Every structure is written in C-alpha cells, then in structure tokens.
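Close look at the chain arrangement
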Amino acid sequence: RQGFARSAAGNFHSLWADDLDAYAVRDGDLIRIDQRTLAQTVLLPAVGHEPVCFARLPDGMVYWSNNSRIGRLAGIEVRDVVTPTPNPAPIAYATTGGLPPGRYQVCFTNVGPDGESPSTEPLDFQLPHGGGIAITGLNGSTCVYATGPDGEVFNEIAPGSYLSLGNTGAACGTFMLGTMPAGQAIAHHLGSLLVARGRFLYISEPYRYGLLNVGRSFIPFPADITVVQPCEDGLYVCADKTYWIPGDPLNTTPVVVLPYGALLGSAVFDRREQTAYWQGPQGVVIAKPGGQVAVPQDEALTFASAASGATLVREQLGDKHLITSRFDVETI
C-alpha cells in the first residue's frame with residue numbers, strides 16, 4: 001500500500017478541495033493550495049482556529065464560513081458574500097421643492113462587483129405642498145429609491161435631492177433584505193445558499209446567495225445543527241435528531257428519520273451515486289434521496305462520543321472506499 005510523507009509544515013485544519021481549487025486554514029490563516037505544486041497562498045490572515053466550512057455554488061465561487069465570518073472565493077480572489085449596505089448612510093432631510101403633499105419614504109443601496117446591497121432602513125417624510133427631500137452623502141455606487149406621495153413601492157430616482165416627482169425607475173429588489181449570516185455549516189439547495197447558525201437554518205433568496213428575507217427565510221430546530229446535506233429531491237438536517245425535508249424547505253414539514261443527529265462537519269456527498277455519508281453516534285450513516293437512511297455499523301461496532309468528524313469517499317484503481325475519522329473522542 002502507498003505510504004505518506006509530510007508535504008507541508010504547519011498547523012492545518014478545515015482542508016477542502018474539488019476539481020478546481022483547494023483551501024484550508026494554516027496557522028490561523030485561510031489559504032489556497034495549488035493542487036499540482038502544493039504551493040500555498042495566504043488569502044485571509046487571522047481567520048482564527050474555528051472550523052471552516054466550504055461549498056461551491058453554481059455561480060462558480062466557493063462560499064466559506066467559520067461561524068463568525070462569511071465570504072466567497074474565486075481562485076485567489078477574496079470577495080464579500082454581498083455588497084455591504086451604505087455605512088454611513090446618506091443623509092436626507094425635508095426642504096422646499098415641487099413635490100405634491102403626502103407621505104414620502106426614501107432608502108439607499110450600494111452597487112458593486114458583488115451585486116446590490118440590502119437597502120438601508122427607509123426614512124419617512126410628511127411633506128406639505130411645495131416640499132422636497134434634500135439628500136447628501138451620496139457616492140458613485142449609491143442608488144436612491146423613493147416612493148411617490150402616500151406610496152409604498154420604492155422606485156429608483158436620479159442621484160441627488162428629491163425635489164420633483166421622478167420615481168420612475170426600477171423597484172428596489174433588495175428592499176429590507178438582510179445579509180446571510182455566518183454559520184457552522186453551508187450548502188446549496190434549489191437555487192439558495194443554506195447556512196446553519198446555531199439551531200437555525202437560514203435560506204437565501206433564490207439565486208441571490210448573499211441576501212436573506214429576515215422575516216421568513218429560516219427554520220428553527222431544537223438543537224444546534226451539525227450537518228446540512230442536500231439531495232436531489234430534498235434536504236437532510238442533523239440536529240437533536242436527523243430530519244428529512246422534502247422539496248422546498250420553506251414550504252414543507254421536516255420528517256424525523258433517525259432519533260439522533262451527527263458529528264459536526266462529517267458529511268460527504270458522492271455525486272455519482274447520489275448518496276450522502278456522515279457519522280452519527282452509531283457509526284456511518286448512508287443517506288439516499290427520498291429520506292432513505294441506513295446505519296450499517298449500528299449492531300456491529302460501539303463508538304464513543306466525539307465532537308466532530310471527517311468523511312472521505314476515495315475511488316482508485318476500481319476500488320471505492322469510505323474513510324472516516326472522529327475527533328475529540330471520549331474514552332470508553
């Protein structure tokens with residue numbers, strides 16, 4: 001059998017790789033590893049020693065989080081998960097102008113390489129006949145949205161003060177959305193980015209991976225989530241128990257398929273077989289579409305409790321192996 005030799009020195013954790021990229025944390029720094037030469041490039045220094053989770057999404061970028069930070073990676077390029085909301089926000093105040101009397105509202109966004117930011121909190125103005133709204137503090141990336149008199153829809157207006165009716169632009173598509181939070185597990189499912197933070201599973205707006213509807217796009221579970229594993233027709237979530245969520249997670253009911261959860265970070269997905277694997281207290285769990293799960297080691301082996309795990313599907317020379325490791329194992 002093949003042996004091994006140390007190829008790189010350092011304190012490594014959270015190694016992740018696919019056919020295009022490889023990332024890890026070395027001595028507290030987030031790095032990219034060249035898969036051919038093993039050369040290492042520091043992308044973000046001092047991200048800490050918390051486990052980092054990764055997922056490549058259909059936009060081609062690798063999303064990462066370590067429960068305190070979240071972002072995107074494109075090769076060696078580090079990107080925000082979404083353009084930040086204007087901070088400080090532009091200043092708006094009532095002035096004279098040519099607006100009809102009524103109640104007006106304005107809000108602001110930033111537009112950058114990472115798309116349009118969530119909007120600021122709307123500002124409210126009750127204007128008399130001949131009133132206007134003076135706006136200062138704008139820059140070249142700021143978009144201004146306003147309603148008409150007593151209106152509710154925020155349409156884009158020309159940059160500058162709002163002194164005459166001109167809210168004829170596009171409606172604000174990020175109005176009162178939030179930024180996806182950092183978490184301990186991330187995945188992609190049905191066009192959305194999924195982030196598990198504590199016991200809450202957050203689901204982004206479809207195809208707008210950095211944006212969250214803070215009023216409805218989350219699912220609470222009874223305990224902290226350790227595994228989020230999509231399949232072609234649903235989603236597995238491991239918390240206090242293992243749940244199968246068929247279809248759209250925001251419009252269906254979770255079904256309990258195992259009476260226990262999983263080790264943090266221990267899931268892997270075999271795309272060719274459309275099968276997920278992770279580690280529970282009774283050993284390896286094999287999970288297929290439709291909520292079908294099997295625990296082949298349940299009656300054969302006894303496992304001590306562990307804090308986290310890692311699982312690898314390895315195929316070489318016609319043989320396929322499942323390699324597992326458990327960390328911080330209690331002594332039996």
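Below, the structure is looked at part by part. These figures come from a predicted structure and were not determined experimentally.

**Points about the overall build of the protein chain**
Looking only at helices and strands, the protein chain features zero helices and 31 strands. When the backbone C-alpha atoms are referred to their principal axes, the protein chain occupies close to 85 × 45 × 35 Å. With 332 residues in all, the protein chain has 45% of them scored as buried. If you take every contact in the protein chain between residues at least 6 apart in sequence, the share linking residues at least 24 apart comes to 48%. Carbon and sulfur atoms provide 52% of the accessible area of the protein chain, an area that totals close to 16700 Å².

**A closer look at the sheet that holds strand β18 (residues 192–197)**
Strand order in the open sheet made by the four strands is β17-β18-β19-β21, with antiparallel pairing throughout. Of all the strands in the sheet, the pair left with one neighbour each is β17 (185–189) and β21 (218–220). Across the sheet, the axes of successive neighbouring strands diverge by a mean angle of 20°, strand direction being ignored. Relative to strand β19 (residues 200–203), β18 is paired through four bridges, and the arrangement is antiparallel. Among the inter-strand pairings, Arg197 is bridged to a residue of β19, identified as Phe200.

**Brief notes about the sheet that holds strand β25 (residues 255–258)**
Reading across from one edge, β22-β23-β24-β25 is the order of the four strands in this open sheet, with antiparallel pairing throughout. The outermost strands of the open sheet, each flanked by one partner alone, are β22 (227–231) and β25. Neighbour to neighbour, the strand axes of the sheet diverge by 25° on average, direction disregarded.

**Quick look at the pattern of salt bridges**
Opposite charge on two side chains allows them to pair when their charged atoms are near. Under the counting rule described, the total for this entry stands at 12 salt bridges. Here Arg79 makes a salt bridge to Asp114, at a shortest N to O gap of 2.7 Å. Of this pair, Arg79 sits in strand β8 (residues 77–79) while Asp114 is found in the loop between β10 (102–112) and β11 (115–116), placing the two residues 35 residues apart along the sequence. Like Asp114, Arg79 is buried. As a salt-bridge pair, Lys320 and Glu273 come within 3.8 Å of each other at their nearest N and O atoms. Here the residue Lys320 occupies a position in strand β31 (residues 319–327), and Glu273 occupies one in the loop between β26 (268–270) and β27 (275–280), the gap between them amounting to 47 residues. Under the relative-accessibility criterion, Lys320 is labelled partly exposed at 33%. Through salt bridges with shared partners, one network takes in Asp59, Arg72, Glu77, Arg79 and Asp114.

**A short note on the packing of aromatic side chains**
Counting across every chain of the model gives 12 aromatic pairs. Site record: aromatic cluster; members linked through ring pairs are Trp16, Tyr23 and Phe54.

**Examining the nonpolar core**
Side chains of a nonpolar character, in soluble globular proteins, are inclined to be buried together. If you look at the biggest cluster of nonpolar residues, it comprises 18 residues, and the most contacted ones within it are Leu57, Tyr63, Ile70, Met180, Ile186, Leu193 and Val195. Contributing elements (two or more residues each) for this core: β5 (53–56), β18 and β20 (211–212). Among all residues touching Val195, those that are not within four sequence positions of it are Ile70, Met180, Pro181, Ala182, Gly183, Ala185, Ile186, Phe200, Leu201 and Tyr202. Among the nonpolar cores identified, the runner-up in size contains 15 residues, and Ala196, Ile203, Ala239 and Ile245 belong to it.

**A few points about the side chain of Arg32**
Structurally, Arg32 is set in strand β3 (residues 29–33). Among the polar contacts listed, one links the side chain of Arg32 to the side chain of Asp21, at a separation of 2.8 Å. In contact with Arg32, not counting residues within four places along its chain, are Leu20, Asp21, Ala22, Tyr23, Ala39, Gln40, Thr41, Leu43, Gly75 and Ile76.

**Here we look at the environment of Leu165**
Turning to its location among the elements, Leu165 is positioned in the loop between β15 (155–157) and β16 (178–179). With a relative accessible area of 45%, Leu165 lands in the partly exposed category. Those residues in contact with Leu165 that lie beyond four places of it in its chain are Leu99, Pro100, Tyr104 and Pro149.

**With respect to the side chain of Gln184**
Along the chain, the position of Gln184 falls in the loop between β16 and β17. Apart from the residues within four sequence positions on either side, Gln184 is in contact with Cys53, Asn67, Ala196, Arg197, Gly198, Ile225 and Leu264.

**Focus on the pairing of strand β28 (residues 283–288)**
Bridging between β27 and β28 involves five bridges; their strand directions are antiparallel. Following the sheet pairing, Gln279 is matched in β28 by Val284. Where β28 folds back on strand β29 (residues 292–294), the antiparallel hairpin that results is connected by three residues, among which Gly290 adopts a positive phi of roughly 85°.

Calculation rules
- Within each chain, residue numbers correspond to sequence positions counted from 1 in written order.
- Restriction of local features to residues with pLDDT of at least 70 applies here, the model being predicted, together with a cutoff of 80 or more for giving and counting side-chain atom pairs; totals for whole chains, interfaces and linings are based on all residues.
- Side-chain numbers come from the whole structure's heavy atoms, not from hydrogens or water.
- In this text, helices come from DSSP runs of H or I with a minimum length of four residues, and strands from runs of E with a minimum of two, each type numbered from the N-terminal end.
- The rule is simple: take the accessible area with a 1.4 Å probe, protein chains only, and divide by the maximum for that residue type; under 20% is buried, over 50% is exposed, in between is partly exposed.
- Two residues qualify as a contact provided that any one of their heavy atoms is within 4.5 Å of a heavy atom in the partner residue.
- Only the protein chains shown count as cover for residues, with accessible areas throughout obtained via the Shrake-Rupley method and a probe of 1.4 Å.
- For two strands to count as paired, DSSP must find a minimum of two bridges between them.
- Angular values range over 0 to 180 degrees, each being the angle between N-to-C directions of two axes fitted as lines to C-alpha atoms, with helices fitted over their stretch in contact.
- Each reported salt bridge corresponds to a side-chain nitrogen of Lys or Arg within 4 Å of a carboxyl oxygen of Asp or Glu.
- Aromatic pairing here means that ring centres of Phe, Tyr or Trp (its six-membered ring) are within 6.5 Å. Orientation follows from the plane angle: under 30 degrees is stacked, over 60 is edge-to-face, and everything else is tilted.
- Grouping buried Ala, Val, Leu, Ile, Met, Phe, Trp, Tyr and Cys residues that are joined through side-chain atoms within 4.5 Å yields what is termed a nonpolar core.
- Under the rule applied, a polar contact is a pair of N or O atoms within 3.5 Å (in protein, one hydrogen donor and one hydrogen acceptor; residues adjacent in sequence only if both atoms are side-chain atoms).

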